[in-house]
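# Report on the structure
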Amino acid sequence: AQSVTQLDSQVPVFEEAPVELRCNYSSSVSVYLFWYVQYPNQGLQLLLKYLSGSTLVKGINGFEAEFNKSQTSFHLRKPSVHISDTAEYFCAVSRWNRDDKIIFGKGTRLHILP
Amino acid sequence: GAGVSQSPSNKVTEKGKDVELRCDPISGHTALYWYRQSLGQGLEFLIYFQGNSAPDKSGLPSDRFSAERTGGSVSTLTIQRTQQEDSAVYLCASSFGAGAGETQYFGPGTRLLVL
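Here the structure is a predicted model, which means the values were calculated and not measured.

Turning our eyes to something else, we now look at the state of the cysteines. Considering all chains together, one arrives at 2 disulfides over all chains under this definition. A:Cys23 shares a disulfide with A:Cys91; S-S distance 1.9 Å. In this structure, the disulfide formed by A:Cys23 and A:Cys91 twists by about -65° around the S-S bond and is classed as left-handed. Of this pair, A:Cys23 sits in the loop between strand E3 (19-21) and strand E4 (24-26) while A:Cys91 sits in strand E10 (residues 87-95), and the two are 68 residues apart along the sequence. Residue A:Cys23 shares its accessibility class with A:Cys91, and that shared class is buried. With its sulfur 1.8 Å from that of its partner, B:Cys23 forms a disulfide with B:Cys92. Every disulfide takes its handedness from the sign of the S-S torsion; for B:Cys23 and B:Cys92 that torsion is -65°, giving left-handed. Of this pair, B:Cys23 sits in strand E3 (residues 19-24) while B:Cys92 sits in strand E9 (residues 88-95), placing them 69 residues apart in sequence. In this structure B:Cys23 comes out as buried when scored by relative accessible area, which is 0%.

Volume-wise, the largest pocket comes out at about 770 Å³. Lining the largest pocket are 33 residues, with A:Gln38, A:Glu88, A:Arg109, B:Gln37 and B:Arg111 sitting closest to its centre. Among the residues forming the lining of the largest pocket, the class breakdown is 10 nonpolar, 19 polar and 4 charged. In this model, the second largest pocket occupies a volume close to 180 Å³. In terms of lining residues, the second largest pocket is bounded by A:Tyr25, A:Ser27, A:Val29, A:Ser30, A:Val31, A:Tyr50, A:Leu51, A:Ser52, A:Phe67, A:Lys69, A:Thr72 and A:Trp96. Looking at the lining of the second largest pocket residue by residue, the classes come out as 7 nonpolar, 4 polar and 1 charged.

Reading the values: the criteria
Residues numbered from 1 in each chain as written. Chains lettered and ligands numbered in written order. Predicted model: local features only at pLDDT ≥ 70, side-chain atom pairs only at ≥ 80, totals over all residues. Heavy atoms only, no water. Disulfide = S-S within 2.5 Å. Helix = DSSP H or I, 4+ residues; strand = E, 2+ residues; numbered from the N terminus. Buried < 20%, exposed > 50% of the residue type's maximum accessible area, 1.4 Å probe, protein only. 1 Å grid on protein atoms, 1.4 Å probe; cavity = no way out; pocket = protein on both sides within 12 Å on 5 of 7 lines; lining within 4 Å. Points joined across faces, edges and corners; volume = space filled by probe spheres on them. Nonpolar A, V, L, I, M, F, W, Y, C, P; charged D, E, K, R; others polar.

Following this line, the structure appears as structure tokens:
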């Protein structure tokens, strides 16, 4: 079975500084990978996803993530964060080409410091 | 509306009572998912529907939990004899299909508090 590990439960970052949110996955088969974001008092929405092709995936709000198969990672990055990026970020994985559920990580809460 | 809607938005109940949570998916979406979000626990998968059938019920925590979907649209999650540990935010999501790469669209959730 697949699993997702988000290594940091909380990440504090100063405004305009870069950020990386780490995600590692485990699976015996090929996978699709996702990052979802949950802004305060809002529902989850898709930030970006990797299905195939280029390993660097660009998403909304200036975020990007890189799929690294050898390291089984899908870290999320942004070169310069803003107060509006304050949210909880969830990494998720699903098995390739299967009608199947998505497995979510426990989330990383991003705190932007002024 | 165009998004996934859930009702009620908040529910307070007494231990031992039954509750029903409702989800209206985006029109035309054939797949529907239920998750539970507890503080510090991320999103816990409960069940998903493809049409009216539920191929995967593996996430339901106990036989007190059940869900149904009718007409390929609205879904109801029922918790019988609620316990305090059932307190959480229950999220519903829908997607155009149940394929593994499909984007899920989430509702705002129902916040359940069991006293």
